[in-house]
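Take a look at the letters that make up each chain.
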Amino acid sequence: AALALAAAADATTSLSIGKAMWLLAAGLGGAPLVLLACRRWARSVHVTDTSTVLGISKVGIAGKLSYLCGWSMPLLAGSRFLFYRTGTEVALSASEMREHLSSTARATVLIVAFSGGAINKIGIPRHEFRRTLASSSATAACDQLFVLDPTGMSFYSFDLEAFTAALRAIVWPYDHGIFVGNCLGATGALRFSPLLPSAESSVIAFNPELSPALDVRRPPFLISALLQPSMACCLRGTLQAAADDCLGVLHVHCSAWPPELRQAELIRCDAAIDLLHSNPASMRAMLALREERMLRVVHRDYDAHGMVTQLQRGGALAALLTDAVERARKGGSVPAQAAPR
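Scoring rules and cut-offs
- Positions within a chain are numbered from 1, following the residues in the order the chain's sequence is written.
- In view of the model being predicted, local features appear only for residues whose pLDDT reaches at least 70, and side-chain atom pairs are presented and counted only at 80 or more, with totals across whole chains, interfaces and linings using the full set of residues.
- Excluded from the side-chain calculations are hydrogens and water; all other atoms, namely the structure's heavy atoms, are used.
- Any carboxyl oxygen of Asp or Glu that lies within 4 Å of a side-chain nitrogen of Lys or Arg is treated as forming a salt bridge with it.
- Strands are runs of DSSP state E lasting at least 2 residues, helices are runs of H or I lasting at least 4, and numbering of each runs from the N terminus.
- Only buried residues count toward a nonpolar core, which is a set of Ala, Val, Leu, Ile, Met, Phe, Trp, Tyr and Cys residues joined through side-chain atoms within 4.5 Å.
- The buried label applies to any residue whose accessible area, calculated with a 1.4 Å probe on protein chains only, is under 20% of its type's maximum; exposed applies above 50%, and partly exposed to all values in between.
- Residues are treated as being in contact if the distance between any of their heavy atoms lies within 4.5 Å.
- Here a strand pair is declared whenever DSSP counts at least two bridges between the two strands.
- Lines fitted to the C-alpha atoms define the axes, with helices restricted to the stretch that makes contact. Angles between their N-to-C directions range from 0 to 180 degrees.
- Expected span of a helix: the number of residues minus one, times 1.5 Å.

**Q** I keep staring at the pattern of salt bridges and nothing clicks. Help me out?
**A** Opposite charge on two side chains lets them pair, provided their charged atoms get close. On inspection of all chains with the given rule, the structure shows 5 salt bridges. Of the charged contacts, one joins Arg284 and Asp323 as a salt bridge, the two residues approaching to 2.6 Å between their closest N and O atoms. Of this pair, Arg284 sits in helix H14 (residues 280–288) while Asp323 is found in helix H16 (residues 316–330), placing the two residues 39 residues apart along the sequence.

Have a look at this one:
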């Protein structure tokens, strides 16, 4: 019966077959068979699957279920990196990426975009920031890496040792790096900021999540904190230690919306500034005057969720990334060095 259910799970192509599988599992043995069917199904889900179950992303369900149950998810975990060489529109394969990293054709600057956790309805955003990065000549001239947390709830702690080693191997051949992320992605950018290779490198973190237990606006984060209390309690300290150990410039951007502002205030910075107008010219002029390495930037003209979308539409996001690239290039080429921490 278990083998029949597993085969049914692998062959499921419609909602009617799926319902039949669940009914059969419940009738033949209950929870163990249901879990077996779920495990087989979760292992078969690929990150490119955009279908939903009751309006919820199938990828999101599979990732969360596998993470909470301790199941392996080879198809999702094997898709954590998506690498674009400068000037190309097609992502490189793993072998092509390794060959590019070992060649002299690579750019001097690598931009790493950490995907956020918007997986409930729209799937994992593997190309978050891709359009903005391709729209500017400065950022388009950089190699680009897009990474994701397939669980959507581990705050980039899933398979941490192996993921850190893989990310380090990609970042360290470059002279400079730029880490960017929003929400859960910003948490990832902060967590791995010690991997940045130079003082001219940058972290641009939008509305990072530092204490999911205090974030009452997002039930998934509260649930995540309840299910993994040790990780949730240590997250703030982990991110602060990483930020303190970062060689480059670190800017935390947040809106004036109280839930997002409270989260951003949990990380200790050298200074904080208020931006009354987030248009590119005003923002660049004010940031150019600051010399602090760690800076919190509060965008007072945004008092609701969705700040990054507005910054993207107004050109401010592209301006921030362009400035980060120009800062890195002013640093020039750095001598060959050992892999970062």
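Moving on from the coordinates now.
**Q** Explanation requested: the nonpolar core in the structure shown.
**A** Most often, soluble globular proteins have nonpolar side chains that are buried together. Phe83, Val112, Phe114, Leu167, Phe179 and Val203 are the most contacted members of the largest nonpolar core, which totals 44 residues. When near neighbours in sequence (up to four residues on either side) are disregarded, Phe114 contacts Glu128, Val147, Tyr156, Leu167, Phe179, Val180, Gly181, Asn182, Gly185, Gly188, Ala189 and Phe192. Membership of the second largest hydrophobic core comes to 33 residues, among which are Cys142, Phe206, Met307 and Ala328.

**Q** For this particular structure, what's the right way to read the pairing of strand S5 (residues 143–147)?
**A** For a regular strand, side-chain orientation follows a simple rule: the groups alternate between the two sheet faces. The buried fraction of S5 is high, at 5 of 5 residues. Both faces of S5 are covered, namely the face carrying Asp143, Leu145 and Val147 and the face carrying Gln144 and Phe146. Bridge analysis of strand S3 (residues 81–84) against S5 gives 4 bridges, and the strand direction is antiparallel. Directly across from Leu82, in S5, lies its bridge partner Phe146. Relative to S5, strand S4 (residues 109–114) is paired through 5 bridges, and the arrangement is parallel. Residue pairing for S5: Phe114 is matched across the bridge by Val147.

**Q** Whenever I open this one, the sheet that holds strand S10 (residues 294–299) confuses me. Can you help?
**A** One open sheet holds the 8 strands; their spatial order is S3-S5-S4-S6-S7-S8-S10-S9, and the pairing between them is mixed. Each edge of the open sheet is held by one strand with a lone partner, namely S3 and strand S9 (271–275). Within this sheet the neighbouring strands show an average axis-to-axis angle of 15 degrees, counted without direction. In the sheet, S9 pairs with S10 via 5 bridges, with the strands oriented parallel. Bridge pairing in S10 places Ala271 opposite Leu295.

**Q** Would you mind showing me how to read helix H12 (residues 229–244) here?
**A** Helical periodicity: at 3.6 residues per turn, an α-helix aligns residues three or four positions apart in one direction. With 16 residues, H12 ought to run about 22 Å at 1.5 Å a step, and its terminal C-alpha atoms sit 24 Å apart, in line with that. Within H12 the residues assigned to the buried category are Met231, Ala232, Leu235, Leu239, Gln240, Ala242 and Ala243.

**Q** Explain the environment of Cys69 to me, please; I cannot follow it from the model alone.
**A** Secondary-structure assignment places Cys69 in helix H4 (residues 58–69). Spatially, the C-alpha atoms of Cys69 and Arg39 are 9.0 Å apart, while their sequence positions differ by 30 residues.

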